[in-house]
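Examining the three-dimensional arrangement
These are the residues of each chain, in order.
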Amino acid sequence: LTTEAGPLALPMLNTTLTADLCIKCNICTSACPVAAVTDLFPGPKVVGPQAQRFRAPEAASVDRSVDYCSVCGVCSRVCPHGIRIAEMNLIAKRRIAEREGIPVRNRLLGRSELLGKVGSAFAPLSNFPIQNRPLRVIAERVLGIAREAAFPRFARPSFRASYKPAAVEAPAYRLVYFHGCSTNYYEPRVGLAAVKVLEHNGCQVTLAQQNCCGLPMQSNCEFDAARAYARRNLAWLAPYVRQGYLIVGTSTSCTLALKHEYHAVLGLEGEEQRLVAGATYDLFEFLQRLQAEGRLKTDFRALPGRSLAYHAPCQFRAHGVGRPAADLLRMIPGVSVTETRADCCGVAGTYGLKAEKYKIARDVGRPLYDEITGTGAGRVACDSETCRWWLSQHTGLPAVHPVEVLAEAYGH
Amino acid sequence: VSHSAAPTVDAVQARYDVVVVGAGLAGLFAGTLAARRGLGTLVVARGLGGTHLGSGTIGVWGYAADGKPAEDPLTEAERQAGPEHPLRLAGFAALEAAVAVLQSMAGAAGYPLEGGLHHNHWLPTALGAVRPACLAPQSFAAGEVRDPAEITLGEIPGFRDFYAGYAAANLTNAGHPARAVTLELPYGPARRDAFATDLARLMDRETYRASAAQLWRPALKGAARLGLPAILGLNSGAAAWRDLSEKLGLPSFEVPLLPPSVPGMRLFNVLQAALEAAGGRLIVGPGVSGWVEQGRVLGIAAETAGGPRRYAAAQLILATGGFRHGGLRALAPGRAHEAVLDLPVALAPDWYAPMYWGQHPYARFGVQVNPAMQPVDAAGSVLYDNVRAVGGLLAGADRRAEGSREGIDLATGHKAVAQLPQPAAATAAERSAT
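What counts, and where the lines are drawn
Residues numbered from 1 in each chain as written. Chains lettered and ligands numbered in written order. Predicted model: local features only at pLDDT ≥ 70, side-chain atom pairs only at ≥ 80, totals over all residues. Heavy atoms only, no water. Pairing = 2+ DSSP bridges. Helix = DSSP H or I, 4+ residues; strand = E, 2+ residues; numbered from the N terminus. Axes fitted to C-alpha atoms, helices over the stretch in contact; angles between N-to-C directions. Contact = heavy atoms within 4.5 Å. Buried area = accessible area lost by both parts, 1.4 Å probe. Salt bridge = Lys/Arg side-chain N within 4 Å of Asp/Glu carboxyl O. Nonpolar A, V, L, I, M, F, W, Y, C, P; charged D, E, K, R; others polar. Expected span 1.5 Å × (residues − 1). Buried < 20%, exposed > 50% of the residue type's maximum accessible area, 1.4 Å probe, protein only. Polar contact = N/O pair within 3.5 Å; in protein donor to acceptor, adjacent residues only side chain to side chain. Right-handed = clockwise from strand over helix to strand, strands pointing away. Parallel < 35°, antiparallel > 145°, perpendicular 65-115°, else oblique. Left-handed = near helix turned anticlockwise from the far one by under 90°.

**Examining the sheet that holds strand E3 (residues 173-178) of chain A**
All names here are of chain A.
- Taken in spatial order, the four strands make up an open sheet running E4-E3-E5-E6, and their pairing is parallel. Each end of this open sheet is capped by a strand with a single partner; those strands are strand E4 (203-206) and strand E6 (280-282). On average, each strand axis in the sheet is inclined to that of its neighbour by 35°, with strand direction left out of account.
- As paired strands, E3 and strand E5 (residues 246-249) are joined by four bridges and run parallel to one another. Counted as the bridge partner of Val176 is Ile247 from E5.

Rendered as structure tokens:
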């Protein structure tokens, strides 16, 4: 099977062929947070398994509405037949992009690492344009980046520049910490907290060479560029896995990319891909494993009166491992955790940053903002950086990675 | 210490007293009861299913021996259920207890289920047939066809899942006087077809209901009661239905539709909230297989994004459903297997009846259990003493033909949890330490 860009890799073909399992029950449609707020999007069943039959190699994709899919992945999770709906939609979006070209705006938003490198080097000066209202109006008119969407501030020094490894005697685990772009260039504090928590629990942490996971480029339909980043990560990480290391990350979309997207969306295969996918853990997934093994330290100091609204973001839910962060935070004396039920905050990576999607994304998240402010919690805890920034803007509450609370409770 | 070359394969991700596989009515109900007993409980399911595909009513026994709708579900079940029927195995005491628990759970959530075990509602379907239900949401009750008052059904132009004229004609032909009126919505999705969920979300808004009531009142002059497709609110329990009825000044009722079922989603939300309020955990997404070593079931392996993760379970409850829901899989002609533990499946040589709506032998295929809901082999010996099977996975019932689906889910789930031992002291201590 080929597309305009050449043959589909077998894993991608397998993803699109899951359409054949669809019985049109519409459970995905009922759960889709985008279809719930806009009639520009006909829902995951319609643009996914139903439209897939029109995407035979020789046929042009018939429906541009798939572009309104935010690829939050709720549909794939609730499907009782194992259809990779969101993944299929992304592959279809990319076919439209092949034909119509990729806007400069999308190429820019996909390059979080490049933005981070430049922005971090020139911080705090580089924070001026993204906080400057007239410039944002121009950016909206010229590029189509929503003027209202909050962007995080670049940090200097970067995480890699601030990180100092500690030697751990007879470590329980040897880990590679995958920090991702957001921790490195915007929120070094998340990475520093994660390393301290892991070292506190007797794990030896190493930073391997790594670059952007590639997901922002993948989400913006630049599959070839994303693959180049992905292949480099696999080549750098796989040798560690062969030596018995696990890979642990705090950016939940990065860890999902390593585990799942490289294979199911980008179509990468081979020993390195399998090794890395099988050895990657999101941070709280790993801490839960430590707990199950009786290795998790519980020498918490109390954080009296600390109330948190914990939101498990779509990208974390897609890991399929439940909500270990909520379970672990509840072990800290004095901490109260209210979990949100609403599925998606709306931003879905870079979706909500786009001028034509901003209002949709804001409406998607409305039930969640109401839920969070209704809890009366003082802050939001969430495993995804883009969701934290978005939720902070729309609830007016500070948003932290749950590991920051854990590190504080461990006294770091 | 643990520097194996394949460090994830043998690792345990988490430990639970009870893991329930399946998040339909049977799984969520059993999981909630287990969590309410204080057991550390995980419900894990490959996607959503049973509730979202059903009508949101609770059937216990729908039909008399002559095939007509039954008046008294419990008496009918006691009369018709054979010795191997899941309701008989679970026992009618478990059924009564389970129904009471569910009614109190739904009532507490602001979504009461009306009815009792000695009375069936007879309710109109979207095609104008009559369907019995033991418990029904409050918003269904005014559809009772034995009530002689004429039924007015609302046709919503552009909504493809409900044709009021067709349903009214069928009801009238069956001796239940009904007519259809056209009811325009204030507004709805303009650039694509409307789904029931779209309209239900609009109906959650008071202002939308007020506009609808104002638009509809003239067309409803002289109507005794109004039947609408089941779109009266998704997240507001029974409140949207009650409010709209008051605004219209006449009794109204909902008619369940094709999936996705709005009343089914409401029931799911009630159950999920009850499970989580009791401390139970829910993971929707991964496929599940059994973790069995040397003849012992140690838990499950969940197919997560990163590959299989093992969840240790002292007790395992299978609520995976039958053929339609993935709990049973048909293999080469004449063969079938159970999806999680490869339990033996009770089969018969013939699978199909000649007619589609006939009573197909395959409907009764499934896993055989003893009265403690433990799977047994053909000789009646328990296969794993820490495994229980409930709901549509069980052999011996034609749930659709009997109208017994939800009654079986509830009774067997209740019985299975009642039979669970208290956790070993070590497990309990471990949990309280955390």
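**Considering the interface of chain A and chain B**
- Counting from both sides, the interface comprises 53 residues of chain A and, opposite them, 45 residues of chain B.
- Considering only the surface of chain A that becomes buried against chain B, Ser30, Asp39 and Arg341 of chain A emerge as the three largest contributors, covering 16% of it.
- Where chain A meets chain B, there are five salt bridges.
- With a closest N to O distance of 2.7 Å, Arg341 of chain A and Glu276 of chain B form a salt bridge.
- For the side of chain A that touches chain B, a count of residues per class yields 26 nonpolar, 14 polar and 13 charged.

**Observations concerning helix H10 (residues 262-277) of chain B**
Residues and elements named next belong to chain B.
- Taking 1.5 Å of rise per residue, 16 residues should cover 22 Å, and H10 covers 22 Å from first to last C-alpha, within 8% of that figure.
- Within H10, twelve of the 16 residues are buried, leaving the element largely enclosed by the surrounding structure.
- The set of residues buried in H10 consists of Val262, Pro263, Gly264, Met265, Arg266, Leu267, Phe268, Val270, Leu271, Gln272, Ala274 and Leu275.
- Looking at where H10 begins, the residue whose side-chain oxygen comes 2.9 Å from the main-chain nitrogen of Gly264 is Ser261.

**Side note on the pairing of strand E7 (residues 151-155) of chain B**
All names here are of chain B.
- Counting buried positions over the five residues of E7 gives four, a clear majority of the element.
- In this sheet, strand E8 (residues 178-182) lies alongside E7 in parallel orientation, the contact comprising five bridges. Paired with Ile151 across the two strands is Ala178, which belongs to E8.
- Where the polypeptide runs from E7 across helix H6 (residues 164-173) and back to E8, its parallel neighbour, the crossover connection is right-handed.
- For E7 and strand E9 (residues 226-229), the ladder comprises two bridges, and the chain directions are parallel.

**Overview of the pattern of salt bridges**
Residue and element names in this part refer to chain B.
- Scanning the entire structure with this criterion turns up 44 salt bridges over all chains.
- Among the ionic pairs, Arg160 bridges to Asp193, the shortest N-O distance being 3.3 Å. Separated by 33 residues along the polypeptide, Arg160 in the loop between E7 and H6 and Asp193 in the loop between E8 and helix H7 (196-203) bring together distant segments of the chain.
- Exposure remark for Arg160: the relative accessible area of 52% places this residue in the exposed category.
- Looking at Asp193, the relative accessible area reads 36%, which means it is partly exposed.
- Between Asp198 and Arg192 there is a salt bridge whose closest N-O contact spans 2.7 Å.

**Overview of the packing of helix H3 (residues 73-80) of chain B against helix H5 (residues 92-108) of chain B**
All names here are of chain B.
- Where H3 contacts H5, the axes come no closer than 12 Å and their chain directions differ by 155°. In terms of axis orientation, H3 runs roughly antiparallel to H5. In the crossing of H3 with H5, the sense of the turn from one axis to the other is right-handed. Across the interface between the two elements, Leu74, Ala77 and Glu78 from H3 touch Phe92, Leu95 and Glu96 from H5.
- Partitioned by chemical class, the residues of the contact of H3 with H5 number four nonpolar, no polar and two charged.

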